[in-house]
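One-letter residues, chain by chain:
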Amino acid sequence: LVIEDGRIVGLMTKEGIHFTCSTVILSSGTFMRGLIHIGENNYSGGRAGDQPSVGLSASLEKYGVVLGRLKTGTPPRVHSRSIDYSVCEEQPGDEGIKFSFDEEGRERLPQVSCHIAYTTQETKDIILRNLHRSAMYSGKIKCVGPRYCPSIEDKVVRFADKERHQVFLEPEGINTDEVYVNGISSSLPLDVQYEFIRSIPALRHAEIMRPAYAIEYDYVLSGQMSASLESKQIEGLFYAGQINGTTGYEEAAAQGLMAGINAANKIKGKEPLVLQRHEAYIGVMIDDLVTKGVTEPYRMFTSRAEHRLLLRQDNADLRLRHYGYEQGLISEEQYARLMLKKAAVELETVRLHKIFKQIDGKGVTIAQLLCRPESTYEALLLKYPDVLVDYGAEINFQIELNLKYAGYIQRQQSEVSRLSHVENIKIPSTFNFGEVVGLRREAKEKLLKHGPTTMGQVSRISGVSPADLTVLLIALTKATKVVSLHK
């Protein structure tokens, strides 16, 4: 990294090529000082077949960035022709799944089935017999791995009562014969991998195309980036993915999107885009990374979101598409369709509370009828075509959900409103937490470490009590009054 006056101005490659730039997104994955383990053997690598990044870690440390070490693992890949699918459970893809609200008329890739196989008692015996040869259990790896996708060695030790474990056979792609054997990541030697893989009935003749391995790598310790994913030490440097202590795949993709948007916004002189916890799972994840810290690879779960009833896949466009429009990612035509949908849902939700029908001698509104478990918008549309409007399956479903679960949704929206006055109180960058009288020592230490920028972030930092919040609010009010008087 080429830094001048605390700001990134360029990059220098290993070949000595100098790139000038004003923002950089660092998404190093497992490459920073990556160390691969296969049994007793270990060697430097970013991932199998790729060189590690060695200079980048030293460059970050030179400018005051504190790094830690984490571990992750990957399963073997086997050739599809060597799998006996006749003894597997087929797992076909779900039909009707939409990844966009603009998919009409677009060509879809063909669905490809996954398959489930199972380990056996023989598998367990082989692993336990060779446990001392695993890099994890021999003591070669000392850093923490992902809690929610343990290695097969971990599974047979921690869940000793289980007779078998699921193995998911996932095609790597449509135009490859490589199959990802999910569920048996390992750091055992290759000869042991062959032995235990071939103890699985579906994989008796498995041809391993790439072995499983564990990998240790550097990441940036928590508290060193803001909610925009920009480094606090180096202006213009953004972090995305496993460098922030998350697991790979979805978590990394979400951070890459946000880091890209905010790096571009910085160049344009625009405010960063920061999604709130009640707006998106991305908002929950980034807020957790900024305020709660990471001691093991972080995985996003729906259970981490306190307002998850609002974070549904069916209303993603209503929650987030206006941000896409503001960022120039959504066209005028797409935005106009969104506004029509929003208006139709809101107007119809109100209107159906005012239309009565006689049911068993009692006047009941259409809205009340939709609240019944057995009722659907489509069924009522057939029964009452004189009063219900067919807006199409997407909008019809949204109206139905709004009415059927109105009580629960309104309760969560009320919670969001109640907390928003504290959530959005901004803390000036010049505010000194260390000088606040009445804050407990632990709270001061945590606040100085994380450097929160809003009171909402403060409220979610472990070690900060409700009493600390009150003291901080009073101090913040006094400080902002003084600033405004000086102005």
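Refer to the preceding data block for the structure.
Summarised in this report is the structure supplied together with it. (Residues numbered from 1 in each chain as written. Predicted model: local features only at pLDDT ≥ 70, side-chain atom pairs only at ≥ 80, totals over all residues. Heavy atoms only, no water.)

## Brief notes about the side chain of K155
Mapped onto the fold, K155 is located in helix α3 (residues 152-158). Within the buried set, K155 has no salt-bridge partner at all; the shortest N-O distance to an opposite charge, 9.5 Å, is to E153. A distance of 2.8 Å separates a polar side-chain atom of K155 from the backbone oxygen of G183. Beyond its immediate sequence surroundings of up to four residues, K155 is in contact with P150, A160, H165 and G183. (Helix = DSSP H or I, 4+ residues; strand = E, 2+ residues; numbered from the N terminus. Buried < 20%, exposed > 50% of the residue type's maximum accessible area, 1.4 Å probe, protein only. Lys, Arg positive; Asp, Glu negative; His and termini not counted. Salt bridge = Lys/Arg side-chain N within 4 Å of Asp/Glu carboxyl O. Polar contact = N/O pair within 3.5 Å; in protein donor to acceptor, adjacent residues only side chain to side chain. Contact = heavy atoms within 4.5 Å.)

## Examining the sheet that holds strand β10 (residues 114-118)
Whenever strands of a sheet pair, they do so through backbone hydrogen bonds, lying parallel or antiparallel. Taken together, the 6 strands give an open sheet; going across it, the order is β9-β10-β11-β12-β8-β13, and neighbouring strands pair in antiparallel fashion. With one partner strand each, in any of the chains shown, β9 (89-91) and β13 (208-210) form the two edges of the open sheet. Direction aside, neighbouring strands of the sheet carry axes that sit 35 degrees apart on average. (Pairing = 2+ DSSP bridges. Axes fitted to C-alpha atoms, helices over the stretch in contact; angles between N-to-C directions.)

## Looking at the packing of helix α7 (residues 316-326) against helix α8 (residues 332-351)
The contact between α7 and α8 brings their axes to 10 Å, and the two run at 150 degrees. Here α7 lies roughly antiparallel to α8, going by the angle between them. The crossing of α7 and α8 is left-handed. For the pair α7 and α8, the contacting residues are D317, L318, R321, H322 and Y325 in the first and E332, Q334, Y335, L338, K341 and K342 in the second. (Parallel < 35°, antiparallel > 145°, perpendicular 65-115°, else oblique. Left-handed = near helix turned anticlockwise from the far one by under 90°.)

## Remarks on the nonpolar core
L1, L60, I234, L237 and Y239 are the most contacted members of the largest nonpolar core, which has 41 residues in total. Listed in part, the 23 residues of the second largest apolar core include V78, A117, I152 and F196. (Core = buried A, V, L, I, M, F, W, Y, C linked by side-chain atoms within 4.5 Å.)

## Side note on the pattern of salt bridges
Any two side chains of opposite charge can pair, given that their charged atoms come close. On inspection of all chains with the given rule, the structure shows 35 salt bridges. A salt bridge links E333 to R337; the shortest N-O distance between them is 3.3 Å. A residue pair is termed a helical-turn pair when its members lie 3 or 4 positions apart in one helix, as E333 and R337 do in helix α8 at 4 residues. By relative accessible area, R337 is classed as partly exposed at 39%. Several salt bridges converge on common partners, so that one network encompasses R277, D287, D288, K292, E306 and R460.

## Quick notes on the pairing of strand β2 (residues 7-12)
Pairing geometry for strand β1 (residues 2-4) and β2, over 3 bridges, is antiparallel. Counterpart to E4 in the pairing with β2 is R7. Between β1 and the antiparallel strand that follows it, β2, lie 2 residues; D5 among them carries a positive phi value of about 55 degrees. Pairing analysis gives 3 bridges linking β2 to strand β3 (residues 18-20), with the strands arranged antiparallel. Within the sheet, the bridge partner assigned to G10 lies in β3 and is T20. The antiparallel hairpin formed by β2 and β3 contains 5 residues in its connecting segment, where G16 sits at a positive phi of about 90 degrees.

## Focus on helix α1 (residues 55-62)
Each full turn of the α-helix corresponds to 3.6 residues, which orients residues three or four apart in the same direction. Buried within α1 we find L56, S57, S59 and L60. Relative to the axis of α1, the buried residues are bounded by an arc of 160 degrees and lie together on one face. Set apart from the buried face of α1 by more than 90 degrees, the exposed residues are G55 and K62. If you follow the buried residues of α1, they end up packed against β4 (24-26), β7 (67-74), β14 (213-220) and β15 (237-239). (Arc of directions from axis to C-beta.)

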